[in-house]
Amino acid sequence: MAYRRILLKLSGEALAGDRPFGLEPGFVSRLGRDIMAVAALGIEVAIVVGGGNFVRGATLAEGGSDRVTGDHMGMLATVMNALAVREAVLAAGGRARVLSAIAMPAIADSFSQRAAMQSLAAGEVVIFAGGTGNPFFTTDTAAVLRGTEIGADIVMKATNVDGVYTADPKKDPSAQRFDTLSQSEALQRGLKVMDSAAIAVARENKLPIYVFSMHEPGALVTAARGEGRGTLVTGE
């Protein structure tokens, strides 16, 4: 296989499917099956989930709310999504554990690198919730941070488009897709790969990022094999 251990970054919007808000049960169920198909290949899977399908702290701040409070609300939204993904993995016949950066022992175990590594070694899918546990940091940054902490071979960012483009392909039909891209170029050109903090951490730790679309069934398995259509963003 191309990878031994992957960190999958899932946005809250992806979990909403075609809905403007909340969770799309059909997509979440398929996601659980796709994750178990990857695990069946012998690849260890860890996941960071966003919470944008419920709330975004930055958006609330634009409306006049306190940014710290808004970000805390967003962290709680990621916990809801993490629980949904865990249940999907369990329904698909796998084992999964939610580790939260915010202590809430009645709902999830607290994050530690040791706990994550032990669960991965035991064959469990590890789902990280609560972002980094700090306001002002996105779940993109959390994904790269957790990927670095667990020694992931790559961060796979599942989006609504099949890679990184020179412009929004939905608005600009002339936009060109990159097959490969350096993290330095992504920062310089302001391309929407991940936020700048996440890219900087990935570049410093030589952690590649693969951007692909999760719309098609089996896309995650194809990506985990090192195949398929997407953009590989490396530190080179």
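These remarks concern the structure in this document. In this text the structure is predicted, and so the values were computed from the model without any measurement. (Residues numbered from 1 in each chain as written. Predicted model: local features only at pLDDT ≥ 70, side-chain atom pairs only at ≥ 80, totals over all residues. Heavy atoms only, no water.)

A word on the pairing of strand S6 (residues 154–159). Of all 6 residues in S6, 6 are buried; the element is thus mostly enclosed. Side chains Ile154, Met156 and Ala158 of S6 all project onto a buried face; the interleaved residues Val155, Lys157 and Thr159 project onto the opposite face, where all are buried too. Strand direction decides the pairing type here: strand S1 (residues 5–10) and S6, joined by 5 bridges, are parallel. In the sheet register, leucine 10 faces S6, and the bridge partner there is alanine 158. Bridging between S6 and strand S8 (residues 209–213) involves 5 bridges; their strand directions are parallel. Paired with threonine 159 across the two strands is serine 213, which belongs to S8. (Buried < 20%, exposed > 50% of the residue type's maximum accessible area, 1.4 Å probe, protein only. Helix = DSSP H or I, 4+ residues; strand = E, 2+ residues; numbered from the N terminus. Pairing = 2+ DSSP bridges.)

The next thing to look at is the packing of helix H6 (residues 139–149) against helix H8 (residues 196–204). Look at H6 against H8: their axes get within 7 Å of each other, and the N-to-C directions meet at 15°. As far as their axial angle goes, H8 and H6 are roughly parallel. The handedness of the crossing between H6 and H8 is left-handed. Two secondary-structure elements touch here, H6 through Asp140, Thr141, Val144 and Thr148 and H8 through Ala197, Ala198, Val201 and Ala202. Partitioning the contact of H6 with H8 into residue classes produces 5 nonpolar, 2 polar and 1 charged. (Axes fitted to C-alpha atoms, helices over the stretch in contact; angles between N-to-C directions. Parallel < 35°, antiparallel > 145°, perpendicular 65-115°, else oblique. Left-handed = near helix turned anticlockwise from the far one by under 90°. Contact = heavy atoms within 4.5 Å. Nonpolar A, V, L, I, M, F, W, Y, C, P; charged D, E, K, R; others polar.)

Where helix H2 (residues 25–39) meets helix H4 (residues 67–91), the axes come as close as 8 Å, and the angle between the chain directions of the two elements is 60°. Taken together, H2 and H4 sit at an angle that is classed as oblique. You can see that H2 and H4 cross each other, and the crossing is right-handed. In contact with Val28, Ser29, Leu31, Gly32, Ile35 and Met36 of H2, H4 contributes Ala84, Val85, Ala88 and Val89.

So, about the layout of surface pockets. What the largest pocket holds in volume is close to 1,200 Å³. Put simply, the parts of the chain that give the lining of the largest pocket at least two residues each are helix H1 (12–16), helix H3 (57–62), H4, H6, S6, helix H7 (183–189) and H8. Ranked by residue count, the leading element in the lining of the largest pocket is H4, at 6 residues. Of the residues in the lining of the largest pocket, the class split is 18 nonpolar, 20 polar and 11 charged. (1 Å grid on protein atoms, 1.4 Å probe; cavity = no way out; pocket = protein on both sides within 12 Å on 5 of 7 lines; lining within 4 Å. Points joined across faces, edges and corners; volume = space filled by probe spheres on them.)

With mixed pairing, the 9 strands of this open sheet are ordered in space as S4-S3-S5-S2-S1-S6-S8-S9-S7. Unpaired on one side and paired on the other, strand S4 (109–110) and strand S7 (180–182) mark the two borders of the sheet. Each of S1, strand S2 (44–49) and strand S5 (125–129) touches H2; the most contacted strand, S2, lies at about 145° to it.

Turning to the packing of aromatic side chains, a few remarks are in order. Summed over all chains, the structure comprises 3 aromatic pairs. Taking 5.5 Å as the distance between ring centres and 90° as the angle between the ring planes, the aromatic pair formed by phenylalanine 21 and phenylalanine 54 counts as edge-to-face. Linking phenylalanine 21 in the loop between H1 and H2 with phenylalanine 54 in the loop between S2 and H3, this pair joins segments that are 33 residues apart in sequence. Here phenylalanine 21 falls in the exposed class, since its relative accessible area comes to 51%. (Phe/Tyr/Trp six-rings, centres within 6.5 Å; stacked < 30°, edge-to-face > 60°.)

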